[in-house]
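# Observations on chain architecture
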Amino acid sequence: MMTILWLKAFHIFFMVAWFAGIFYLPRLFVYHSENNSATNANMHTSDTLKVMERRLLFFVTPFAIFTLIFGTLLISQYGAAWFKQAHWLHAKLLLVTILYCYHGYCFKLLSDFKHNRNTKSSKFYRIFNEVPVLILLAIILLAVLKPAF
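My aim in this report is to walk through the structure given alongside it, one point at a time. (Residues numbered from 1 in each chain as written. Predicted model: local features only at pLDDT ≥ 70, side-chain atom pairs only at ≥ 80, totals over all residues. Heavy atoms only, no water.)

### Comments concerning the pattern of salt bridges
Worth spelling out the cut-off: Salt bridge, as used here: a side-chain nitrogen of Lys or Arg that lies within 4 Å of a carboxyl oxygen of Asp or Glu. Helix numbering and strand numbering both begin at the N terminus, where a helix is a DSSP run of H or I of at least 4 residues and a strand a DSSP run of E of at least 2. Note on classification: 1.4 Å probe, protein chains only; a residue is buried when its accessible area is under 20% of the maximum for its type, exposed when over 50%, partly exposed between these limits.
Per the counting criterion, the structure on display carries three salt bridges. A salt bridge links Glu34 to Arg126, with the nearest nitrogen and oxygen atoms 2.4 Å apart. With a gap of 92 residues between them, Glu34 in helix 1 (residues 2–34) and Arg126 in helix 5 (residues 122–145) connect regions that are remote in the sequence. The exposure class of Arg126 is partly exposed, given its relative accessible area of 36%. Note that Arg117 and Asp112 form a salt bridge whose closest N and O atoms lie 3.6 Å from each other. On the basis of relative accessibility, which here comes to 45%, the residue Arg117 falls in the partly exposed class. Residue class for Asp112 comes out buried when judged on its relative accessible area of 10%.

### Section: the state of the cysteines
Simply put, disulfide is the name for a covalent bond between the sulfur atoms of two cysteines. Defined as follows: When two cysteine sulfur atoms are found within 2.5 Å, that pair is recorded as a disulfide.
Enumeration over the complete set of coordinates arrives at zero disulfides. Note on Cys101: no disulfide assigned, nearest cysteine sulfur contributed by Cys106 at a separation of 11 Å. Overall, Cys101 belongs to the exposed group, its relative accessible area being 52%. Looking at Cys106, the relative accessible area reads 0%, which means it is buried.

### Structural notes on helix 5
Here is the rule we go by: Here the expected span of a helix is defined as 1.5 Å times the quantity of residues minus one. By definition, residues are in contact when any of their heavy atoms lie within 4.5 Å.
Here helix 5 is 24 residues long and its end C-alpha atoms lie 35 Å apart, about the 34 Å a rise of 1.5 Å per residue gives. Among the residues of helix 5, those classed as buried are Ser122, Tyr125, Phe128, Asn129, Pro132, Ile135, Leu136, Ile139 and Leu142. As for helix 5, its buried residues are in contact with helix 1 and helix 4 (87–114). Immediately downstream of helix 5, the backbone of Lys146 shows phi near 45 degrees, a positive value.

### Structural notes on the packing of helix 4 against helix 5
Formally: Axis definition: a line fit to C-alpha positions, over the contact stretch in the case of helices; interaxial angles, taken between N-to-C directions, run 0 to 180 degrees. With respect to orientation, any angle under 35 degrees is reported as roughly parallel, any angle over 145 as roughly antiparallel, any angle of 65 to 115 as roughly perpendicular, and every other angle as oblique. For any pair of crossing helices, the crossing counts as left-handed if the nearer helix is rotated counterclockwise from the farther one by less than a right angle, and right-handed if it is rotated clockwise.
The geometry of helix 4 relative to helix 5 is characterised by a closest axis approach of 10 Å and an angle of 160 degrees between their N-to-C directions. Viewed along their axes, helix 4 and helix 5 adopt a mutual orientation that is roughly antiparallel. The hand of the helix 4/helix 5 crossing is left-handed. Within the contact between the two elements, helix 4 uses Trp88, Ala91, Lys92, Leu95, Val96, Ile98, Leu99, Tyr102, Tyr105, Cys106, Leu109 and Phe113 and helix 5 uses Phe124, Tyr125, Phe128, Asn129, Val131, Pro132, Ile135, Ala138, Ile139, Leu142 and Ala143.

### Quick notes on the nonpolar core
What counts here: Residues grouped as a nonpolar core are buried Ala, Val, Leu, Ile, Met, Phe, Trp, Tyr and Cys residues, joined through side-chain atoms within 4.5 Å.
Within the largest apolar cluster, 37 residues are counted, with the highest numbers of intra-cluster contacts made by Trp18, Phe29, Cys106 and Tyr125. Elements represented by at least two residues in this core include exactly helix 1, helix 2 (40–78), helix 4 and helix 5. At 12 residues, the largest contribution of residues to this core is made by helix 1.

### As for the packing of helix 1 against helix 4
Each pair of packed helices can be summarised by the angle the axes make with each other and by the distance between the axes. The condition that has to hold: Only Asp, Glu, Lys and Arg are considered charged, only Ala, Val, Leu, Ile, Met, Phe, Trp, Tyr, Cys and Pro nonpolar, and every remaining residue, Gly among them, polar.
Contact pair helix 1 / helix 4: the axes reach a minimum separation of 11 Å and the direction vectors enclose 40 degrees. One element, helix 1, and the other, helix 4, form an angle in the oblique class. Like other packed secondary-structure pairs, helix 1 and helix 4 cross with a definite hand, here left-handed. Two secondary-structure elements touch here, helix 1 through His11, Trp18, Phe19, Ile22, Leu25, Pro26, Phe29, His32 and Ser33 and helix 4 through Lys92, Leu99, Tyr100, Tyr102, His103, Cys106, Leu109, Leu110 and Phe113. Among the residues forming the contact of helix 1 with helix 4, the class breakdown is 13 nonpolar, four polar and one charged.

Put into structure tokens, the structure is as follows:
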């Protein structure tokens, strides 16, 4: 039982650290997309945002990996029979998969900004910024309430 508690603690810690970055990165994208004129000041701001975005995404990616590792270890500790019956977990894992796709898409967006190819508006990024918030809410509800499907 103690092993499971340690695994849960680390899983939650790395998830929180990952989400801190996933919540902030799209906000940087909003600012970057609004910085679209070619003045010297805006070019400097754009260069600064490019560095911030890159550093943030590469900083939080290991947290995403450790979240996955500790989550997988938790599932293995509970066992195959538990996993088979935990339908709430299957729904949670679907949402987690969407989050990893979201994280991967952030790399594409980062590349677009890096190469000055962004075509998306700040409105897009404002909406994009809310996606992980809603998914996190659903994941927490599933993990805490464990609804029977």
